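Geometric and topological summary
What follows is each chain in one-letter form.
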Amino acid sequence: QVQLVESGGGLVQAGGSLRLSCTASSRTFSTYAMGWFRQAPGEERELVAGISGSGYSTYYADSVKGRFIISRDNIKNTVLLQMISLKPEDTAVYYCAAGAHGATTPMGYFHWGQGTQVTVSS
């Protein structure tokens, strides 16, 4: 069982930055693709950024390209999401997830964190 713990959410003004962190308790962390999803009230959960087990391949939703950067450290078992130029529409609960390589929907992810709230004020 993989346990994922997120941190780093909070309230920020539009144009500001936040960095989300996710720490995994797993000896096989590097075998998982990792993703950051978000879910706003009344909306479906969507993948905003993903990264392969090696860290060499990344995926970004069009809405965050150029503003969010995902990275991972397989020694520290962490995955980060650096977010800049935040917009009110980025407001959501952000979830860290571990799953299958190439997966871009929640069904492809097996382990989930508890979520962290990001609120961007206008």
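Anyway, here's the lowdown on the structure attached to this text. (Residues numbered from 1 in each chain as written. Predicted model: local features only at pLDDT ≥ 70, side-chain atom pairs only at ≥ 80, totals over all residues. Heavy atoms only, no water.)

**Concerning the overall build of the protein**
Here is the rule we go by: Numbering of helices and strands runs from the N terminus; a helix is a DSSP stretch of H or I covering at least four residues, while a strand is a stretch of E covering at least two. Here's how the labels work: a residue is buried when its accessible area is under 20% of the maximum for its type, exposed when over 50%, partly exposed in between, all with a 1.4 Å probe on protein chains only. Here a residue-residue contact requires only that any non-hydrogen atoms of the pair lie within 4.5 Å. Where accessible areas are quoted, they stem from the Shrake-Rupley method and a 1.4 Å probe; at the residue level, only the protein chains shown are allowed to cover. The convention is simple: Lys and Arg are positive, Asp and Glu are negative, and His and the chain ends are not counted. Positions of charges follow a simple convention, taking NZ of Lys, CZ of Arg, CG of Asp or CD of Glu.
Each helix and strand counted, the protein has zero helices and 11 strands in total. Counting only C-alpha atoms, the protein reaches 40 × 25 × 25 Å along its principal axes. Put simply, the protein has 122 residues, and 46% of those count as buried. Taking the intrachain contacts of the protein between residues at least 6 apart in sequence as the baseline, contacts between residues at least 24 apart amount to 56%. Of the roughly 6,300 Å² that the protein leaves accessible, carbon and sulfur atoms contribute 51%. The averaged location of the 8 negative side-chain charges in the protein is 9 Å from the averaged location of its 9 positive side-chain charges.

**A word on the nonpolar core**
Heads up, the condition is: For our purposes a nonpolar core is just a set of buried Ala, Val, Leu, Ile, Met, Phe, Trp, Tyr and Cys residues, chained together by side-chain atoms within 4.5 Å.
Within the largest apolar cluster, 29 residues are counted, with the highest numbers of intra-cluster contacts made by M34, W36, L81, M83 and Y94. Residue assignment for this core shows that the elements contributing at least two residues are β3 (18-25), β4 (33-39), β5 (46-51), β7 (68-73), β8 (78-83), β9 (92-99) and β11 (116-121). Once residues within four sequence positions are removed from consideration, M83 is found in contact with G16, S17, L18, L20, R67, F68, Y94 and V118. If you look at the next biggest cluster of nonpolar residues, it comprises six residues, including F37, L47, A103 and Y109.

**Quick look at the sheet that holds β8**
Within a sheet, neighbouring strands are paired by backbone hydrogen bonds and run either parallel or antiparallel to one another. Condition: For two strands to count as paired, DSSP must find a minimum of two bridges between them. Axis geometry follows a simple rule: fit a line to the C-alpha atoms, using only the stretch in contact for helices, then measure angles between N-to-C directions, giving values from 0 to 180 degrees.
Taken together, four strands build an open sheet; the order of strands is β1-β3-β8-β7 and the sheet is antiparallel. Unpaired on one side and paired on the other, β1 (3-7) and β7 mark the two borders of the sheet. When strand polarity is set aside, the average angle formed by the axes of neighbouring strands in this sheet is 15°. Taken together, the six bridges between β3 and β8 define a ladder with antiparallel strand orientation. Within β8, the residue paired with C22 across the bridge is V79.

**Quick word on the environment of L4**
Summarising the element assignment, L4 is placed in strand β1. You can call L4 buried: its relative accessible area is 6%. In the structure, L4 is positioned 117 residues away from S121 in sequence and 27 Å away in space, judged by C-alpha atoms. Contacts of L4, omitting those with residues within four sequence positions, involve C22, T23, A24, M34, C96, A97, A98, H111, W112, G113 and Q114.

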